[in-house]
Amino acid sequence: MVGLKPSEVPPTTAVKFLGAGTAACFADLLTFPLDTAKVRLQIQGENQAARSTQYRGVLGTILTMVRTEGPRSPYKGLVAGLQRQMSFASVRIGLYDSVKQFYTPKGSDHCSVTTRILAGCTTGAMAVTCAQPTDVVKIRFQASMHAGPGSNRKYSGTMDAYRTIAREEGVRGLWKGTLPNIVRNAIINCAEMVTYDIIKEKLLNYHLLTDNFPCHFVSAFGAGFCATVVASPVDVVKTRYMNSPPGQYRSPFDCMLKMVSQEGPTAFYKGFTPSFLRLGAWNVVMFVTYEQLKRALMKVQMLRESPF
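Rules used in this analysis
Residues numbered from 1 in each chain as written. Predicted model: local features only at pLDDT ≥ 70, side-chain atom pairs only at ≥ 80, totals over all residues. Heavy atoms only, no water. UniProt positions renumbered as here; feature names shortened; annotations may be inferred. Salt bridge = Lys/Arg side-chain N within 4 Å of Asp/Glu carboxyl O. Helix = DSSP H or I, 4+ residues; strand = E, 2+ residues; numbered from the N terminus. 1 Å grid on protein atoms, 1.4 Å probe; cavity = no way out; pocket = protein on both sides within 12 Å on 5 of 7 lines; lining within 4 Å. Points joined across faces, edges and corners; volume = space filled by probe spheres on them. Domains from an automatic or database assignment. Contact = heavy atoms within 4.5 Å. Buried area = accessible area lost by both parts, 1.4 Å probe. Polar contact = N/O pair within 3.5 Å; in protein donor to acceptor, adjacent residues only side chain to side chain. Nonpolar A, V, L, I, M, F, W, Y, C, P; charged D, E, K, R; others polar.

In the annotation of an unreviewed UniProt entry, the entry for the protein chain reads Mitochondrial uncoupling protein 3, and the organism field reads Lipotes vexillifer. In its Subcellular location (unreviewed entry) section, the UniProt entry covering the protein chain states "Mitochondrion inner membrane". Heading Sequence similarities (unreviewed entry) of the UniProt record for the protein chain holds this comment: "Belongs to the mitochondrial carrier (TC 2.A.29) family."

Caption draft 1: Focus on the pattern of salt bridges. Taken as a whole, this structure holds 25 salt bridges when the rule is applied. Here Asp197 makes a salt bridge to Lys100, at a shortest N to O gap of 2.8 Å. Residue Asp197 is found in helix H8 (residues 178–205), and its partner Lys100 is found in helix H5 (residues 96–103); the two are separated by 97 residues along the sequence. Residues joined by salt bridges that share partners form a network here, namely Asp28, Asp35, Lys38, Arg84, Asp135, Lys138, Asp235, Lys238 and Arg278.

Caption draft 2: Focus on empty space enclosed by the protein. In total, this model carries two cavities of 30 Å³ or more according to the counting rule given. In this model, the largest cavity occupies a volume close to 140 Å³. In terms of lining residues, the largest cavity is bounded by 16 residues, among which Arg84, Gln85, Phe88, Arg184 and Arg278 are the most central. Elements with a contribution of two residues or more to the lining of the largest cavity: helix H1 (13–43), helix H4 (78–92), helix H6 (113–143), H8 and helix H11 (272–305).

Caption draft 3: Examining the domain arrangement of the protein chain more closely. Annotation of the protein chain at the domain level lists domain 1 (11–75 + 282–300), domain 2 (77–146 + 155–176) and domain 3 (184–269). Taken together, the contact between domain 2 and domain 3 spans 22 residues of the former and 19 residues of the latter. Summing both partners gives a buried area of about 1800 Å² for domain 2 against domain 3, and 58% of it is carried by carbon and sulfur. When residues of domain 2 are sorted by the area they lose upon contact with domain 3, Arg116, Ile139 and Lys176 head the list and together hold 35% of the total. Inspection of the region where domain 2 meets domain 3 yields five salt bridges. Across the salt bridge formed by Lys238 and Asp135, the nearest N and O atoms sit 3.5 Å from each other. In this structure, the connection of domain 2 to domain 3 is made through eleven residue pairs in polar contact (both at pLDDT 80 or more). Put simply, the parts of the chain that give the side of domain 2 that touches domain 3 at least two residues each are H4, H5 and H6. In terms of residue count, the dominant contributor to the side of domain 2 that touches domain 3 is H6 (14 residues). Grouping the amino acids of the side of domain 2 that touches domain 3 by side-chain chemistry returns ten nonpolar, four polar and eight charged.

Now the structure itself:
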């Protein structure tokens, strides 16, 4: 490491793990209202409560929520969302390079697309297994509709939500929708990480951009668009199934069939615009922050290891 700049020193797994979780939390803070709008649009038409309020577009959804539920409503579930990112993004993004190296044959200096996809699927599934309860609670808060301060609230807070779900639906209720969530996040992780990885690699290899903000921005934007296109149908099914009361759907597959029969195939792309705005913005903020955090953390580590 002597004589190397922080940007030239490969970050350790611990640095990637911590950096990914922190960057994801920062991205969530900035884009959470878009995620809440996406959830509201996805469940619209699902039940009587969702039909009582009509949402139109991303901005219209956020404004309607602020008008009918108060200015803090777009940030419902933020605490669970941040808990989710620290346990979720740290694994699926922070461990991606390590798992990719694990799948790469020894002696090979090239990483194939298949290896990257395997790494994305693996870390995506691992992350869901760790963070599923936080995702369930986040979606329950985002989907809940209250008419104002005096209305009845099912959960008094984040920890109360965990306890209430476990008490009323069993511990398995906290892992409700794990299968569609694993499928969704395997798809999203592959689309995000593999696309980001490949775009960044090509931009650097062909000397189109250097390893700085423009390169990270272009790579992250492309990753967000690809992830939204391929994952939107699974995301809608996951959101509806995790938000549903006990007995409404027998399985995620039953949820999918009822959506098609009652609302048509276009239901799979409900909330696509906020999904893209959210994922696109989230990816840009997260990856740009992540790259900078890795350099900053490596600089701190180098300074601590320096004998001077």
